[in-house]
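A structural walkthrough
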Amino acid sequence: MDTDHAFGPVRWKQQYEVLHEYLHDLPDVVGVHPPGAQVRVTICRGHLLLPWRYATRSDLDMRDARPGRDLNRLIRDLLILFGPEPSHEEVTLPLMPLTPEEARDRSALREAVEQLTDEPRVLLVGFACNSDEGLLRVSWGEAALVGGTELKWGHVEDLPVARVR
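What you see is a predicted model; the values in this text were computed from it and never measured.

Quick look at helix 2 (residues 73-82) now. When you tally the buried positions in helix 2, you get eight out of 10 residues, the bulk of the element. Near the N-terminus of helix 2, the side chain that reaches the backbone nitrogen of Leu74, with its oxygen 3.0 Å away, is that of Asn72.

Right, let's talk about the pattern of salt bridges for a bit. Tallied over the entire structure, the rule returns 10 salt bridges. With a closest N to O distance of 3.2 Å, Asp28 and Arg45 form a salt bridge. Taken as a pair, Asp28 in the loop between helix 1 (9-23) and strand 1 (29-32) and Arg45 in the loop between strand 2 (41-44) and strand 3 (47-55) lie far apart in primary sequence, 17 residues in all. Given a relative accessible area of 58%, Arg45 falls into the exposed group. Three or more residues joined by partner-sharing salt bridges are found here, namely Asp61, Arg63, Arg137 and Asp158.

What the six strands build is an open sheet, ordered 1-2-3-4-5-6; its pairing is mixed. Edge positions in the sheet fall to strand 1 and strand 6 (150-159), since each has one partner strand and no second. Along the sheet, successive strands turn relative to each other by an average axial angle of 35°, direction set aside. Each of strand 2, strand 3, strand 4 (121-130), strand 5 (134-146) and strand 6 touches helix 2; the most contacted strand, strand 3, lies at about 135° to it.

Bringing the side chain of Gln15 into the picture now. Within the element layout of this structure, Gln15 appears in helix 1. By relative accessible area, which is 8% here, Gln15 ends up buried. Beyond its immediate chain neighbours, meaning those up to four positions away, Gln15 contacts Pro51, Arg53 and Phe127.

What follows covers the nonpolar core. Ranked by internal contacts, the top residues of the largest apolar core, which has 33 residues, are Trp52, Leu78 and Leu151. Breaking this core down by element, the ones donating at least two residues are strand 2, strand 3, helix 2, helix 4 (107-114), strand 4, strand 5 and strand 6. Counting residues per element, this core draws most heavily on helix 2, at six residues. Those residues within four positions of Leu78 in sequence are excluded, and the remaining contacts are Val41, Leu48, Leu50, Gly83, Leu109, Val113 and Val122. Within the second largest apolar cluster, 10 residues are counted, among which are Leu23, Cys44, Phe127 and Val138.

This part covers the confidence of the model for the protein. For the protein, mean pLDDT is 83; residues scoring 70 or higher make up 81% of the total. At the level of individual helices and strands, the protein shows its lowest average pLDDT in helix 3 (residues 100-103), which scores 61, and its highest in strand 6, which scores 93.

All right, on to the packing of helix 2 against helix 4 then. Running from N to C, helix 2 and helix 4 cross one another at 70°; their axes reach a closest spacing of 11 Å. Classified by the angle their axes make, helix 2 and helix 4 are roughly perpendicular. When helix 2 is examined against helix 4, the residues Leu74, Asp77, Leu78, Leu81 and Phe82 are found in contact with a partner set consisting of Leu109, Arg110, Val113 and Glu114. A per-class count over the contact of helix 2 with helix 4 returns six nonpolar, no polar and three charged.

Moving on, we come to helix 4. Turning to helix 4, its buried residues are Leu109, Ala112 and Val113. The buried residues of helix 4 all sit within an arc of 95° when viewed along its axis, so they share a single face. Of the surrounding secondary structure, the elements contacted by the buried residues of helix 4 are strand 1, strand 3 and helix 2.

Rules of the game
Residues numbered from 1 in each chain as written. Predicted model: local features only at pLDDT ≥ 70, side-chain atom pairs only at ≥ 80, totals over all residues. Heavy atoms only, no water. Buried < 20%, exposed > 50% of the residue type's maximum accessible area, 1.4 Å probe, protein only. Helix = DSSP H or I, 4+ residues; strand = E, 2+ residues; numbered from the N terminus. Polar contact = N/O pair within 3.5 Å; in protein donor to acceptor, adjacent residues only side chain to side chain. Salt bridge = Lys/Arg side-chain N within 4 Å of Asp/Glu carboxyl O. Pairing = 2+ DSSP bridges. Axes fitted to C-alpha atoms, helices over the stretch in contact; angles between N-to-C directions. Contact = heavy atoms within 4.5 Å. Core = buried A, V, L, I, M, F, W, Y, C linked by side-chain atoms within 4.5 Å. pLDDT = per-residue confidence, 0-100. Parallel < 35°, antiparallel > 145°, perpendicular 65-115°, else oblique. Nonpolar A, V, L, I, M, F, W, Y, C, P; charged D, E, K, R; others polar. Arc of directions from axis to C-beta.

This is the structure in structure tokens:
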């Protein structure tokens, strides 16, 4: 494309569909359309594969990226439900009311995923791309969501990117 239009809301939804279409012929790959979500999530051998555009340049490692808008509510909810436990959590004061994020009911999402796989694990499929150079970098890895705003990384692996330009 010669514009940035596909790198806005269209890209956000398409990244889930493209990931699923690319993998759907592999054994043990299924898709789930979680209640209330606008996208289908790909599950492969018990792993929830969640696409995340973390950068628009190739020199930034996924582990160094700051989660922003592109780490959307669905990804945050799935990390809370099925991601690794953070090694450290902020202590809350007694009798403090829950934030809207903490109080949101995620039971329908949990049930939809657990119907398809036991003990699912979340893998973030991070990628860097822009409209001038296309896909620049792809990695995948496990991360714990800490405080709703920070990722603490476990294993991360860079994947090869085929250049088609």
